[in-house]
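Each chain, letter by letter, is given below.
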Amino acid sequence: MNEQTKKKNIFLIILVASLGYFVDIYDLILFSVVRVKSLKDLGVPDDDMLSVGATIINSQMFGMLVGGILWGILGDKKGRLSVLFGSIITYSLANIANGFATTVDQYTIIRFIAGVGLAGELGAGITLVAETMSKKNRGYGTMIVACVGLLGAVMAALISARYTWQTSYFIGGGMGLLLLSLRIGLVESGMFKETTENENIQRGNFFMLFNKWSRFKKYLCCILIGLPLWYIVGVLITFSPEFGKALNATGILDAGKGIMYCYIGISIGDVVAGLLSQLLKSRRKVMFIFLMLTAVSVGIYLYSFGLTPEGFILLSLLLGFASGYWATFVTIAAEQFGTNLRATVTTTVPNFVRGSLIAITTGFQFFKDKLGILEGAMVVGVICIVISLIALSQLKETFSKDLDYVEH
């Protein structure tokens, strides 16, 4: 492959991975945006909004746990490109089906299927970018993917404000199917191709992550460092109307707007984190800085009594920016493991983090009932941040690591 062709392939990979993640995030976050509107249409009483909403989002996240393992293994066995497009087809069709849901049970089942599909795109895209670009520049590539992708949440908020919740799901599914046309011209990862030529290399063996303590510990720590981000999105922003009541807000806090501005903040944070990691030549230092910012922003939010809707938007931006380390976090996971397990790790890790929302929301509901909504949220937030800091301390720096190796 000559230099011009290589550059063209890198551009196409970043483009497809970015747009794929854009649609992925749009579909992933859409339920949080249309939760109240859609459940009201399905006849859910106001008093059951939180519990039914938590059940549905947990179903979606459980689907992502299942899909993360499935797509991750396939990514190392069959290739990164097959997973990239297989996942897009699955979640696109599921979201179109979601627009036809007429009962809570249907809604819950379809969100599970959508979750399975949504689990594969990011890991496959980041793996392709990391393996195709130079170790000096791959941080820029993953930063672009995350930054463009996270703006899908902004699109979800804008679309849902203009159209019905059913149409919003149709649009998400349609965007995914249109994206498939960009498949032409993409070239598979060269590192992956090399592993397929050696029959002695085990590819996509999920159990290899558990048969050696040092490898399992590293894998677990990669998951745990991402907990605070989904605590912020899945609890503090998604249930902002309920937090608004507890904070004696001067008006209703709109979760849809909160998610939109939170993800704008995350996108800005991802750019800053990506550039900072290139400047400091360190992923770990940047993660630590942003985890500290997250702790401060959570404290500000939960003590903002008399909060105005305008103030909530500013806080959503702050919470998003402080937790804008998603690209750095996923890049760390990709850089920690060899080529024969890289797609498995890079796909399962973010989905296990997303799936951890089940435990986070369950813990939140438990402490909310015992201590109250604000105190319960604070306890869960402290637990998530402390765990992530301990996990970060156990991971080695990977900024300039050569990725052309395999796990044995």
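Here the residue numbers are simple positions, counted from 1 along each chain's written sequence. Two thresholds apply to this predicted model, a pLDDT of at least 70 for residue-level local features and 80 or more for giving and counting side-chain atom pairs, whereas whole-chain, interface and lining totals are computed over all residues. Hydrogens and water molecules were not included; the side-chain quantities draw on all heavy atoms of the structure.

Trainee: Mind laying out the packing of helix H13 (residues 255-280) against helix H14 (residues 283-302), listing which residues take part and the relevant values?
Mentor: In this analysis an axis means a line fitted to C-alpha atoms, helices contributing only their contacting stretch, and an angle means the value between N-to-C directions, from 0 to 180 degrees. Runs of E in the DSSP output that reach at least two residues are strands. Runs of H or I that reach at least four are helices, and both are numbered from the N terminus. It is at 8 Å that the axes of H13 and H14 come closest, and there the two elements cross at 140°. Between H13 and H14, the interaxial angle falls into the category oblique. At the point where H13 passes H14, the crossing takes the right-handed sense. Note on element contacts: H14 touches H13 through Arg283, Lys285, Val286, Ile289 and Phe290, opposite Gly269, Val272, Ala273, Leu276, Ser277, Gln278 and Leu280. We call two directions roughly parallel when the angle between them is under 35 degrees, roughly antiparallel when it is over 145, roughly perpendicular when it lies between 65 and 115, and oblique otherwise. Each crossing gets its handedness from the near helix: less than a right angle anticlockwise from the far helix is left-handed, clockwise is right-handed. When checking whether two residues touch, look at their non-hydrogen atoms; a contact exists if any pair is within 4.5 Å.

Trainee: Describe the nonpolar core, listing the residues and the values that go with them.
Mentor: Ranked by internal contacts, the top residues of the largest apolar core, which has 121 residues, are Trp230, Tyr231, Leu236, Phe243 and Tyr263. The dominant element in this core, judged by the number of residues it contributes, is helix H1 (residues 3-41), at 18 residues. Once you skip the residues sitting within four places of it in the chain, Leu236 turns out to touch Tyr231, Phe243, Val298, Tyr301, Leu302, Leu319 and Ala377. Side-chain atoms within 4.5 Å are what join buried Ala, Val, Leu, Ile, Met, Phe, Trp, Tyr and Cys residues into a set we call a nonpolar core. Buried residues are those whose accessible area, probed at 1.4 Å on protein chains only, stays under 20% of the maximum for their type, while exposed residues exceed 50% and partly exposed ones sit between those limits.

Trainee: Go over the packing of aromatic side chains, please, and point to the residues and values.
Mentor: Only Phe, Tyr and Trp rings take part, Trp by its six-membered ring, and two of them pair if their centres are within 6.5 Å. Stacked means planes under 30 degrees apart, edge-to-face means over 60, and tilted covers everything else. Considering all chains together, one arrives at 20 aromatic pairs under this definition. Summarising the aromatic geometry, the rings of Tyr107 and Tyr169 are spaced 6.2 Å apart at their centres and angled 85° between planes, so their arrangement reads as edge-to-face. Of the two residues, Tyr107 sits in helix H4 (residues 104-118) while Tyr169 sits in helix H8 (residues 165-179), which places them 62 residues apart along the sequence. Relative accessible area serves as the criterion here: at 0%, Tyr107 is assigned to the buried category. Judged by relative accessible area, Tyr169 falls into the buried class, the value being 0%. What links up through ring pairs into an aromatic cluster is the set Phe206, Phe207, Phe210, Trp213, Phe216, Tyr219, Phe337 and Phe352. Against the face of Phe337 rests Lys218, its NZ or CZ located 4.6 Å from the ring centre. A positively charged side chain is recorded as over a ring if its NZ (Lys) or CZ (Arg) lies within 6 Å of the ring centre. The angle to the ring normal must also be within 35 degrees.

Trainee: Tell me about the pattern of salt bridges, and name the residues and values.
Mentor: Salt bridges are identified by distance alone: a Lys or Arg side-chain nitrogen within 4 Å of an Asp or Glu carboxyl oxygen. Applying the stated rule across the entire model yields seven salt bridges. The shortest N-O distance in the salt bridge between Arg35 and Glu242 comes to 3.7 Å. Pair noted here: Arg35 is in helix H1 and Glu242 is in helix H12 (residues 240-246), with a separation of 207 residues, a long-range link. Overlapping salt bridges bring together Asp76, Arg80, Glu131 and Arg342 as one network.

Trainee: Before we move on, can you summarise a nonpolar patch on the surface with the specific residues and values?
Mentor: By definition, no residue in a patch forms a salt bridge, and every one has over 30% relative accessible area; like charges are joined within 9 Å, nonpolar side chains (Val, Leu, Ile, Met, Phe, Trp, Tyr) within 5 Å. Method for areas: the Shrake-Rupley scheme with a 1.4 Å probe, in which residue coverage is limited to the protein chains shown. Together, Leu279, Leu280, Phe288, Ile289, Met292 and Leu293 make up an exposed nonpolar region whose accessible area comes to about 530 Å². For the nonpolar patch, the secondary structure elements donating two or more residues are H13 and H14. No other element matches H14, which puts four residues into the nonpolar patch. By secondary structure assignment, the location of Ile289 is in helix H14.

Trainee: Give me the state of the cysteines: which residues, what numbers.
Mentor: The disulfide definition used here is simple: a pair of cysteine sulfur atoms within 2.5 Å. Evaluated as defined, the whole model comprises zero disulfides. Cys147 forms no disulfide, and the closest cysteine sulfur to it belongs to Cys262, at a distance of 14 Å. Cys221 carries a free sulfur, and the closest cysteine sulfur to it, the one in Cys222, is 7.3 Å from it.

Trainee: An account of the side chain of Asn58 is requested, with residue identities and associated values reported.
Mentor: By the element assignment, Asn58 lies in helix H2 (residues 49-77). For Asn58, the contacting residues outside a window of four places in its chain are Leu357, Ile358 and Thr361.

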